[in-house]
There are 2 protein chains.
Amino acid sequence: MSNLKAVAEHSKVSIATVSRVINNDPKVSRETVLKVQASIAALEFKPNRVAQRLRSSNSKTKLLGLIIPDIQNPFFVDVVRGVEDYAYQNNFAVMIGNFGQDEKKEKLYLDIFQSENIDGLIVAPIHGKDKGIENLVKKNIPVVCIDRGLTEIDVDVVKVDNELGAFNAIDHLLNMGHKRIAFISGNFKIPTYIERMSGYKKALEKHGVAFDESLVFARNTDYKSGFEIAQKILELEERPTAIFSGNNLLTLGALEAIHAENIKIPEEISIIGFDDMPWSISLNPPLTAVRQPGFDMGRKAAEMLYERIANPGKKKENVILKTELMLRKSTTRIE
Amino acid sequence: MSNLKAVAEHSKVSIATVSRVINNDPKVSRETVLKVQASIAALEFKPNRVAQRLRSSNSKTKLLGLIIPDIQNPFFVDVVRGVEDYAYQNNFAVMIGNFGQDEKKEKLYLDIFQSENIDGLIVAPIHGKDKGIENLVKKNIPVVCIDRGLTEIDVDVVKVDNELGAFNAIDHLLNMGHKRIAFISGNFKIPTYIERMSGYKKALEKHGVAFDESLVFARNTDYKSGFEIAQKILELEERPTAIFSGNNLLTLGALEAIHAENIKIPEEISIIGFDDMPWSISLNPPLTAVRQPGFDMGRKAAEMLYERIANPGKKKENVILKTELMLRKSTTRIE
DNA sequence: TTGATAAATGTAAACGTTTACATTACAAAT
DNA sequence: ATTTGTAATGTAAACGTTTACATTTATCAA
């Protein structure tokens with residue numbers, strides 16, 4: 001690869017001048033700008049971003065870190081797309097780390113990204129007391145948390161009103177006459193699920209239905225967990241009339257378990273899933289789901305990160321986006 | 001962040017010695033190793049990967065580029081997971097670029113990744129004559145192509161036998177008595193679709209069914225295209241009895257169009273999708289699909305890249321993985 | 001003509017590493 | 001006592017930029 005020096009020699013100026021040209025420094029004459037640009041084109045010179053990043057701490061070389069819990073979860077894919085969309089428009093490159101709910105892996109990515117001198121980080125913390133992320137914030141590295149916040153420290157957050165989202169879903173079921181509603185949750189270490197649980201309880205309260213702990217199941221957030229938990233639910237002596245499933249992978253697993261038992265949805269059991277997906281409408285039957293605006297969350301987070309990089313001292317923000325209950329065919333009224 | 005110098009001062013050795021310690025250079029005494037390691041721990045020193053990368057060209061700082069056409073396509077998500085899995089085990093970091101079938105964006109990522117001094121690149125070329133990628137290969141930057149190869153130049157490739165995959169699907173439909181089989185394809189600039197088309201034709205040939213160009217539709221590879229093309233297909237005066245859909249997003253779009261018209265699958269129309277997905281089994285009805293081993297492709301590509309980095313001169317490889325036809329409920333026999 | 005001021009360009013240090021080469025210390029061989 | 005060899009460590013240049021500061025050149029007022 002050609003470098004500044006080569007360009008400088010080619011156009012018979014100093015490397016400083018070339019550097020100024022590529023950085024649009026106004027104090028270089030029109031004439032030399034053209035000359036240098038010609039050389040740059042001739043030699044197909046591209047500035048080395050590694051050297052740029054090493055030299056200048058002030059985010060000349062735009063690089064952004066994005067750490068997500070599970071790239072198999074289409075919700076996070078939407079988030080990635082949102083971040084990437086904004087980044088691309090603003091000439092940032094994005095480095096993605098996927099930690100699959102493995103705390104060690106999350107830590108590793110935190111370290112690597114730091115060592116890569118990223119300008120800022122967007123991350124979905126594995127839990128609310130994530131020390132690794134706290135440290136970054138304390139070091140004044142720009143951080144925006146997504147989907148989940150941090151409890152011990154003030155930080156920018158973009159999330160969804162999980163409590164209200166869950167509340168609305170359960171409220172809908174209760175309105176349709178359901179009383180025994182099972183909840184397939186993710187691990188309660190994850191703040192999101194704590195909030196959804198809280199929405200679940202509040203809705204029951206509102207309708208004067210007693211909370212029954214034996215209807216709540218929390219394991220991992222993957223397909224298999226959904227499948228296994230649903231199997232257990234279906235075996236219960238007094239079978240629930242409805243299931244509220246905590247994320248899209250759990251829902252898929254649950255659906256498979258239900259279909260495997262040849263149980264009819266919604267006649268024999270109703271189901272609402274958290275997370276709406278492109279295929280929800282093509283499922284059997286079309287799934288009633290709580291829609292999270294993943295793309296918007298990603299975009300908003302990137303935007304906020306951008307602002308924080310530009311202005312590190314500014315007050316921390318807490319953005320809460322709305323969910324939407326998408327009514328389809330997987331729920332029905334019972335008496 | 002603390003640096004080599006700080007550690008050197010703390011442990012009263014030269015920075016060269018510290019560098020040797022972090023690189024496990026055998027020619028440093030047991031004693032000093034311990035002393036330096038203590039300082040490293042005390043100061044929480046992490047080597048700056050940017051500086052490492054700048055200084056040493058020989059891939060000390062393991063960084064890998066991965067460029068994919070569409071992160072919304074779960075097939076590519078599987079590929080990403082495969083690559084990441086291998087990378088993580090071998091202490092590589094992965095930088096991901098998603099170009100959304102936009103050639104400009106692909107070019108930009110190619111440039112950026114190069115400027116980032118990546119050690120190697122895994123990429124799904126936008127078409128077979130991709131000059132940008134050709135250039136990288138010519139510059140001896142380790143490159144592995146995935147899903148699609150390059151026609152003009154010898155390069156490592158990991159792909160799937162698209163022709164055979166499509167052949168088997170169409171053969172299955174023909175065996176069940178279908179004669180008018182529509183093909184919802186992606187753009188024929190993309191080699192994958194050329195190959196699938198070829199399999200489609202060969203199957204027709206085998207069964208002595210005349211090829212009817214008006215049954216082939218090629219547009220983009222997204223949800224919307226699938227929906228719109230399916231609408232057109234359903235409006236055809238003589239409606240096809242089966243649809244072969246070129247990728248999972250197209251399939252989803254097509255399904256929605258079919259459901260919107262209240263047309264029964266498979267009684268009124270059969271459908272097979274290329275790409276099997278976790279939710280295929282929960283679709284209405286469970287979808288017969290051609291399964292591509294995305295995760296394995298990703299892992300294999302990463303592995304090959306690793307080998308090429310270690311041994312740049314080695315002969316280029318061409319790995320072709322098998323597809324599998326997952327028989328479910330979206331196809332039926334007709335007379 | 002001179003001196004002052006501004007504009008354009010150049011010089012060289014710095015960013016945090018790696019590494020070729022030089023130096024030191026010490027044991028073993030002469 | 002001198003040489004030789006080896007192991008451990010240090011010195012300084014290099015990677016490709018940016019940028020504070022210095023220098024040159026041009027412009028213009030006096």
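Residues numbered from 1 in each chain as written. Chains lettered and ligands numbered in written order. Predicted model: local features only at pLDDT ≥ 70, side-chain atom pairs only at ≥ 80, totals over all residues. Heavy atoms only, no water.

**Here we look at the sheet that holds strand S10 (residues 288–291) of chain A**
Residues and elements named next belong to chain A.
Argument step 1. Pairing is mixed in the open sheet, where six strands are placed in the order S7-S6-S8-S9-S10-S12. The two strands at the open ends of the sheet, each matched to only one other strand, are strand S7 (216–219) and strand S12 (324–326). Averaged over all pairs of adjacent strands, the angle between strand axes in this sheet comes to 15°, irrespective of strand direction.
Argument step 2. Two strands pair when backbone bridges link them, and S10 and S12 are joined in this way by three bridges, in the antiparallel orientation. Bridge assignment links Val-290 to a residue of S12, and that residue is Leu-325.
Argument step 3. Set on the sheet, helix H8 (residues 162–175) makes contact with strand S6 (181–186), strand S8 (242–245), strand S9 (270–274), S10 and S12; between it and S9 the angle comes to about 170°.
Argument step 4. Relative to the sheet, helix H9 (residues 191–206) contacts S6, S7 and S9, its axis offset from that of S6 by approximately 165°. (Pairing = 2+ DSSP bridges. Helix = DSSP H or I, 4+ residues; strand = E, 2+ residues; numbered from the N terminus. Axes fitted to C-alpha atoms, helices over the stretch in contact; angles between N-to-C directions. Contact = heavy atoms within 4.5 Å.)

**Overview of the relation of the copies chain A and chain B**
Argument step 1. Structural alignment of chain A on chain B gives an RMSD of 0.1 Å, achieved by rotating through 180° and translating 0.1 Å along the axis. Here the two chains are linked by the operation of a two-fold rotation axis. (Least-squares fit on C-alpha atoms with pLDDT ≥ 70 in both.)

**Quick look at the interface of chain A and chain B**
Argument step 1. Taken together, the 47 residues of chain A in the interface contact 47 residues of chain B.
Argument step 2. Both faces combined, the contact of chain A with chain B buries some 4400 Å², and carbon together with sulfur accounts for 61% of it.
Argument step 3. Run the count over chain A and chain B and you get eight salt bridges.
Argument step 4. Here Lys46(A) and Asp111(B) are joined by a salt bridge, their closest N and O atoms 3.7 Å apart. (Buried area = accessible area lost by both parts, 1.4 Å probe. Salt bridge = Lys/Arg side-chain N within 4 Å of Asp/Glu carboxyl O.)

**Here we look at the domain arrangement of chain A**
Argument step 1. Domain boundaries assigned for chain A yield domain 1 (4–47), domain 2 (63–160 + 294–321) and domain 3 (162–292).
Argument step 2. Once you take the C-alpha centre of each, domain 1 of chain A and domain 2 of chain A turn out to be 36 Å apart. (Domains from an automatic or database assignment.)

**Description of the environment of His127(B)**
Residue and element names in this part refer to chain B.
Argument step 1. Following the sequence through the fold, His-127 ends up in the loop between strand S3 (120–123) and helix H7 (131–138).
Argument step 2. Here His-127 falls in the buried class, since its relative accessible area comes to 15%.
Argument step 3. Along the backbone, His-127 and Gly-149 are 22 residues apart, and their C-alpha atoms lie at a distance of 8.2 Å.
Argument step 4. Ignoring anything within four residues of it in the chain, the contact list for His-127 reads Glu-103, Leu-150, Lys-189 and Pro-191. (Buried < 20%, exposed > 50% of the residue type's maximum accessible area, 1.4 Å probe, protein only.)

**What about the sheet that holds strand S6 (residues 181–186) of chain B?**
Residue and element names in this part refer to chain B.
Argument step 1. Strand order in the open sheet formed by six strands is S7-S6-S8-S9-S10-S12, with mixed pairing between adjacent strands. Each edge of the sheet is formed by a strand with only one pairing partner; in this case those strands are strand S7 (216–219) and strand S12 (324–326). Averaged over neighbouring strand pairs, the angle between their axes works out to 15° when direction is ignored.
Argument step 2. Pairing between strand S9 (residues 270–274) and strand S10 (residues 288–291): three bridges, direction parallel. Each bridged residue has a counterpart across the sheet, and for Ile-272 the counterpart in S10 is Thr-288.
Argument step 3. On top of the sheet, helix H8 (residues 162–175) reaches S6, strand S8 (242–245), S9, S10 and S12; it is set at about 170° to S9, its chief contact.
Argument step 4. Running over the sheet, helix H9 (residues 191–206) touches S6, S7 and S9 and is turned about 165° from S6.

**Some words on the protein's contact with DNA strand C**
Argument step 1. For DNA strand C, the set of nearby residues contains 29 residues, the closest of which are Ser14(A), Arg20(A), Arg55(A), Ser19(B) and Arg55(B).
Argument step 2. Across the atoms of DNA strand C situated within 4 Å of the protein, the share located in sugar and phosphate is 58%.
Argument step 3. The contact in question runs from a base oxygen of DNA strand C to an N or O atom on the side chain of Arg20(A), over 2.4 Å.
Argument step 4. For DNA strand C, a phosphate oxygen lies 2.7 Å from a polar atom in the backbone of Leu4(B).
Argument step 5. Each residue belonging to the surface near DNA strand C can be placed in one class, and the counts come to eleven nonpolar, eleven polar and seven charged. (Near = heavy atom within 4 Å. Polar contact = N/O pair within 3.5 Å; in protein donor to acceptor, adjacent residues only side chain to side chain. Nonpolar A, V, L, I, M, F, W, Y, C, P; charged D, E, K, R; others polar.)

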